[in-house]
Amino acid sequence: RYSSMKDYLSELDKETKKALETFYGFSEGKSKVRRSADEWNSTESDFFKQIPLLKFEDFSRTATDLRSGQKRKIEGSVFHKDSSIVNSGDSNDIIGFQLCDANNSSECALYTFSSGVNAIQEWYKLHYMNIMAQIPLETKERLSYSADDLLLTCFFDGLSCDKRHFTRFHHPLHGNCYTFNSGANGTILSTSTGGSEYGLQVVLYIDEADYNPFLVTSTGAKIMVHDQDEYPFIEDIGTEIETAAATSIGMHFTRSRKLSKPYSDCTETGADIPVENLYNKSYSLQICLHSCFQKAMVDSCGCAQYAQPLPAGAEYCNYKKNPNWMYCYYRLHEKFVKEQLGCQQICKDACSFKEWALTTSIAQWPSTVSEDWMLRVLSWDKGQKINKKLNKTDLANLMVFYKDLNERFISENPANTLVILLSNFGGQLGLWMSCSVVCVIEIVEVFFIDSLSIVMRRQWQKAKKWWNDRKRDQSGKPPQAGDPERQGHNNPMCVDEDLPTFNTALRLPLPQDNPLPRTPPPNYSTLRLETAFTEQLPDTLEVGQH
Amino acid sequence: MNLKKYFVRALHRLQKGPGYTYKELLVWYCDNTNTHGPKRIIKEGPKKKFIWFFLTLLFASLVFWQWGILINTYLSYNVTSSLSIGFKTMKFPAVTVCNANPFKYSEVKHLLKELDRLIEAALERILQPSPGNSSENTSLPLDLELWHQIPLVLIDEHDKDNPIILDIFERNQTAKDNGTTAGNATTAGNEILCSHQGSDNCTYRNFTSAAQAVTEWYILQSTSILSKVPLQERIRMGYQAEDMILACLYGAEPCNYKNFTQIYHPDHGNCYIFNWGMDEEALNSSNPGAEFGLKLILDISQQDYIPYLSSAAGARLMLHQQKSFPFLKDQGIYAMAGTETSIGVLVDELERMGYPYSDCTMNGSDVPVKNLYSQYNTSYSIQACLRSCFQNHMVEICGCGHYMFPLPEGVNYCNNEDYPGWAYCYSSLRSSIRHRQICIDSCKETCNDTQYKMTISMADWPSEASEDWIFHILSYERDMSTNVTLDRNGIIKLNIYFQEYNYRTISESAATTIVWLLSSLGGQFGFWMGGSVLCLIEFGEIIIDSLWITIINVISWCKGLKQKRAQARYPDAPPTVSELVEAHTNLGFQHEDAGALPRDEALPPEPGTPPPNYDSLRVQPLDILSPDSDAD
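These numbers come from a predicted model, not from an experiment.

### Digging into the packing of aromatic side chains
Two numbers describe a pair of aromatic rings. These are the distance of the centres and the angle of the planes.
Here is step 1 of the chain: Under the counting rule described, the total for this entry stands at 33 aromatic pairs over all chains.
Here is step 2 of the chain: Considering the side-chain rings of A:Phe425 and B:Phe527, the 5.4 Å spacing of their centres and the 75° angle between planes classify their relative orientation as edge-to-face. Placement of the pair is A:Phe425 in helix H13 (residues 418-433) and B:Phe527 in helix H15 (residues 514-529), with the two residues belonging to separate chains.
Here is step 3 of the chain: For A:Phe425, a relative accessible area of 48% gives the class partly exposed.
Here is step 4 of the chain: Connected via pairs of aromatic rings, a cluster forms that spans B:Phe92, B:Tyr250, B:Phe260, B:Phe274 and B:Phe498.
Here is step 5 of the chain: Taking the ring centre of A:Phe409 as reference, the NZ or CZ of A:Arg255 above it sits at 4.2 Å.
Here is step 6 of the chain: Taking NZ or CZ as reference, B:Lys88 lies 4.4 Å from the ring centre of B:Tyr503, over its face.

### Section: unusual backbone geometry
Here is step 1 of the chain: Along the chain, A:Trp365 connects to A:Pro366 via a cis peptide bond; the corresponding omega equals -10°.
Here is step 2 of the chain: When you line up the elements, A:Pro366 lands in the loop between strand E14 (352-364) and helix H12 (371-382).
Here is step 3 of the chain: B:Trp461 connects to B:Pro462 through a cis peptide bond whose omega is -10°.
Here is step 4 of the chain: Tracing the backbone through its elements, the reader meets B:Pro462 in the loop between strand E19 (448-460) and helix H14 (464-479).
Here is step 5 of the chain: Here B:Asn275, not a glycine, exhibits a phi torsion of approximately 65°, which is positive.

### Focus: the domain arrangement of chain A
All names here are of chain A.
Here is step 1 of the chain: Assigned domains of chain A: these are domain 1 (2-25 + 47-134), domain 2 (146-259 + 351-411) and domain 3 (266-348).
Here is step 2 of the chain: Counting residues at the interface gives 12 residues for domain 2 and 12 residues for domain 3.
Here is step 3 of the chain: With both sides pooled, the region where domain 2 packs onto domain 3 buries about 1,100 Å², and carbon together with sulfur makes up 60% of that total.
Here is step 4 of the chain: Taken together, the connections running from domain 2 to domain 3 amount to 1 salt bridge.
Here is step 5 of the chain: Linking Glu268 and Arg257 is a salt bridge whose minimum nitrogen-to-oxygen distance equals 3.2 Å.
Here is step 6 of the chain: Across the contact surface, domain 2 and domain 3 share 4 residue pairs in polar contact (both at pLDDT 80 or more).

### Some remarks on helix H10 (residues 325-337) of chain A
Residue and element names in this part refer to chain A.
Here is step 1 of the chain: With 13 residues, H10 should cover 18 Å at 1.5 Å per step; its first-to-last C-alpha distance of 18 Å lies within 8% of that length.
Here is step 2 of the chain: Considered for burial, the residues of H10 that qualify are Trp325, Met326, Tyr327, Cys328, Tyr329, Tyr330, Leu332 and Phe336.
Here is step 3 of the chain: Phi turns positive, to about 60°, at Glu339, one or two residues after H10.

### Examining the nonpolar core
Here is step 1 of the chain: If you look at the biggest cluster of nonpolar residues, it comprises 86 residues, and the most contacted ones within it are B:Val97 and B:Leu294.
Here is step 2 of the chain: Residues within four places of B:Val97 in sequence aside, it is in contact with B:Met244, B:Phe260, B:Asn270, B:Cys271, B:Tyr272, B:Leu296, B:Leu298, B:Arg316, B:Leu317 and B:Leu494.
Here is step 3 of the chain: Core analysis: the next-biggest nonpolar cluster, separate from the first, contains 35 residues, A:Tyr128, A:Met129, A:Tyr283 and A:Ala350 among them.

### Considering the confidence of the model for chain B
Residues and elements named next belong to chain B.
Here is step 1 of the chain: Across chain B, pLDDT averages 77, with 77% of residues at or above 70.
Here is step 2 of the chain: Mean pLDDT per element in chain B: helix H20 (residues 619-631) is the minimum at 44, and strand E3 (residues 94-99) is the maximum at 91.
Here is step 3 of the chain: Scored below 50 in pLDDT, residues 194-199 makes 11 contacts in the model with residues more than four places away or belonging to other chains.
Here is step 4 of the chain: Reported for the predicted complex are a pTM of 0.72 and an ipTM of 0.74.

### Some details on the side chain of B:Asp330
Here is step 1 of the chain: Turning to its location among the elements, B:Asp330 is positioned in helix H10 (residues 328-331).
Here is step 2 of the chain: Engagement of the side chain of B:Asp330 in a polar contact is seen with the side chain of B:Arg387, the distance being 2.8 Å.
Here is step 3 of the chain: Not counting the four nearest positions on each side in its chain, B:Asp330 is found in contact with A:Gly194, A:Gly195, A:Phe401, A:Tyr402, A:Lys403, B:Gln383 and B:Arg387.

### A closer look at the pairing of strand E8 (residues 245-250) of chain B
All names here are of chain B.
Here is step 1 of the chain: In the sheet, E8 pairs with strand E13 (residues 294-299) via 5 bridges, with the strands oriented antiparallel. Paired with Cys248 across the strands is Leu296, a residue of E13.
Here is step 2 of the chain: Across 3 bridges, the pairing between E8 and strand E9 (residues 253-255) is antiparallel. When the sheet's bridge partners are listed, Leu249 is paired in E9 with Pro254.

### Some remarks on the state of the cysteines
In protein chemistry, a disulfide is the covalent bond that joins the sulfur atoms of two cysteines.
Residue and element names in this part refer to chain B.
Here is step 1 of the chain: In total, this model carries 11 disulfides over all chains according to the counting rule given.
Here is step 2 of the chain: Disulfide partner of Cys400: Cys414, at an S-S distance of 1.9 Å. Classification of the bridge connecting Cys400 and Cys414 rests on its S-S torsion, roughly 95°, and on that basis the disulfide is right-handed. Of this pair, Cys400 sits in the loop between helix H11 (382-398) and helix H12 (422-430) while Cys414 sits in the loop between H11 and H12, placing them 14 residues apart in sequence.
Here is step 3 of the chain: Classification of Cys400 by relative accessible area gives buried; the value is 0%.

Parameters and conventions
- Residues numbered from 1 in each chain as written.
- Chains lettered and ligands numbered in written order.
- Predicted model: local features only at pLDDT ≥ 70, side-chain atom pairs only at ≥ 80, totals over all residues.
- Heavy atoms only, no water.
- Phe/Tyr/Trp six-rings, centres within 6.5 Å; stacked < 30°, edge-to-face > 60°.
- Helix = DSSP H or I, 4+ residues; strand = E, 2+ residues; numbered from the N terminus.
- Buried < 20%, exposed > 50% of the residue type's maximum accessible area, 1.4 Å probe, protein only.
- Lys NZ or Arg CZ within 6 Å of the ring centre and 35° of its normal.
- Domains from an automatic or database assignment.
- Contact = heavy atoms within 4.5 Å.
- Buried area = accessible area lost by both parts, 1.4 Å probe.
- Salt bridge = Lys/Arg side-chain N within 4 Å of Asp/Glu carboxyl O.
- Polar contact = N/O pair within 3.5 Å; in protein donor to acceptor, adjacent residues only side chain to side chain.
- Expected span 1.5 Å × (residues − 1).
- Core = buried A, V, L, I, M, F, W, Y, C linked by side-chain atoms within 4.5 Å.
- pLDDT = per-residue confidence, 0-100.
- Pairing = 2+ DSSP bridges.
- Disulfide = S-S within 2.5 Å.

Printed below as a string of structure tokens:
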């Protein structure tokens, strides 16, 4: 980020920062006791000095010393004392800032840090976000590093590459970042061999002198290896690389896949998560958490936090429009961290993810003997744009390569599928009972359907009998006697309806149906095997008749 | 006739068994099979018959569907991996240390003198591109012979259609570029590679950065020069063990440079391998922690680096398995001068199952690439295979071997004098995707793989307070001199040790075995239909029987046809005896007519006898009848 170019916008901010720096800066050579006294003195003078600059700044940038009660009192006249203290340190000099609700100034939150460094950085970041939120994206992109600035040489897979292989994306805090092989132009480069000479080798130009002194205190670059459709959360999981050194990063690729629903609680695409994905990339837990927080921010504060993308219809927070956003943000952030927003419960892991295990090692670069010509040639490469000779602390050499092309794929398989369950079931049933589903159905058939129908028939018969009896009782002498006698083989109703035709009767010896009515009924009955049916026979016949 | 007799006998056999029509056969089968379900089809009334028929069909299809799934699962040869983590006494990895710079500059200066002067002059030209400024430091005539083989050119592409190619040492020449340049609008350093001097077969290798171009150019040239130097000489020019390894401590035992095996690595010159396990047993380490690891102090003497060859300074080291070749460019890490680098090691062991579960090789013997690294007595690895494959292609196409890889027998390394077009050949081969793909396809991974996961951390070393005495002692030990001959830029301390959990074994086992498959198949069949292999055999029997019936039917049909034809010819020809006999034996004729009443045919056929009066006594027909009437 070119702080120099940005200066015209953040000049005010920087000026106040300078002032602040002076009042903390006193402490440098002096004792701590002196420091606190100095602090207050300067605070007061600063205090009024700040007012014309930014209206809200004085509220937020109150450096409070907890030790001196009377100072507190002066302050208390302006804002109330009942701040929700985040950190009541036991140390004597605690530095912090106070955030108040603009509408209700009695509600204040005091944020304290044990070190002034953290306090100032945090404080600065807030203001920075404020100012950046008001600048349109195009301007910001223009103000940040261009690919030409950043890349000195580029070499991939034995071939030269240049800025066209890099895709720019604007990161809220890191400014312009460049993604190599982002697949934005449709092609994804692939490497066919492992080894450092076949990977990506770039020399980055890091203009150390041009750093914003308060926002970033470390020099170097941040890199992250990620999938083409993954959003790089470079502030969260980036690897930092050093200047004046060759960083060689060997990668080992691992792909993991979890089983979704009944097996584990993960999501395939994130579509089933009630949080809108604000990032234009594939789902990840990180994206979900950030989106969830941003949504909560828009809901409760009315504006969006600068570090995350904008939801539809919202705009970034700034002092002018949302005077109390900072207070709101800090409150919300605290809730978020304490898992009170519910984001951690809503968001689920992604089922499949790719991971690159990095082995980072550093060598000195350029070596003392090659430093001279290297810097000369690189300066020439840089060419017309910059006329000064490069310093080796402005350069970082980076090599990213696959250690080997082995891919590790970790996937889950269900230990038991339905098929296996059924076959185990069948195996057990067969082993112990020689039984199958048919068997089960048979049991059901016999014990439920058949027996039920028998019972029904019995009941029906009884009911009929009873009815007939009643009828007989009522109407004297119906033809009741015939029924029992008619049962059995003599029963003419039992005769097969389709009598044998002439043809069959002639040709076939004896259709079995025929002799039946003719044979004398009772004697041979005893020969019959299925005696069980004889009992039943009347019933069936009875039913058959009706 | 013999055949006929056989058929007749078969027919009789059939009669004893299931019957002689398809329907009979089916009924017989349904009645006698052990599979649950079919029995019920024939035993019940029409409604239940239908239900049971439907159920049986459903279950049968379910069984086949599930079998399909199971067999598919089995044939995919899945594996289950088991992971175990812990600490155990393990072989300490082989540690290869090299200097990032292959040769001492003071030793190779006489070889590279011309080249260096050339590149210096070239750089001067590049950096001051004004052509009129001919302030040649004409102290010595430059060896332009080297230059002409592979000239460096500048390509000015401000004008896209007509790029100006500027040979640095020639007059300005304007030529049409052969279209290989990238459309970069700025001036870029380029190499030009020609297959032969003066031939038209040239390509330009483009670099967007002069630094990159110069480095690549220098590497090509120096490769060509150094490849002519015999190996012994090259080893002598590199760093010697006693100069490089200043102190060594393994656990509590002292070690020195003699415990290291020297190996010549084309990229890095002399490399030294600790605990390679070639001659003696590999060392075991049974304790975690830095105290029990390997501690080294190295001197890389940065002042003696070849300036243009390697711009990064440090030691290159790598942990690898015993008896494997160290591929430092792939898996090596740097250690920075002036620091203490601590490396915690975690061993990842992978045990894969071979074919058909995964495509890997146990010892590389089944890989169709000749392993050139076997001359080092090292085991197979995929890196070795890929490199050997490349070298083999190189020898095949360019006629000489590349300096970076070992040589096959009877082949020389490439150099500019003997093989003037090698650089062109090499670069076109290297960028050829087809050749790479061939190599990737033919090389296989090893089944048992050991990876060393390293946790690297660094600290400044020696500290300012201790700097003085450490340098003194080390200098004294090395040179017996009281002067400090070492400095911060050359000295490296390394600690390599096992972490608390030092191994992680991932081993594969087959997820589905044949036993598993059989029991699953049996389970499914048993579950749905109560069947077993015997039921399958029964089914097969039925199919054979039905085939028989078909054959018999076909034969009788043919016979009938013949008879009819014969009858047509001699209207009242008397039937022969055999025909008459057959008519009695072969009831096929009657059955087709009598299909409407199948149950009658189940009776033992007594064709000649009159219809018996005793029929009414028979048990069987009643048997069948009663359920029939029951259903009515």
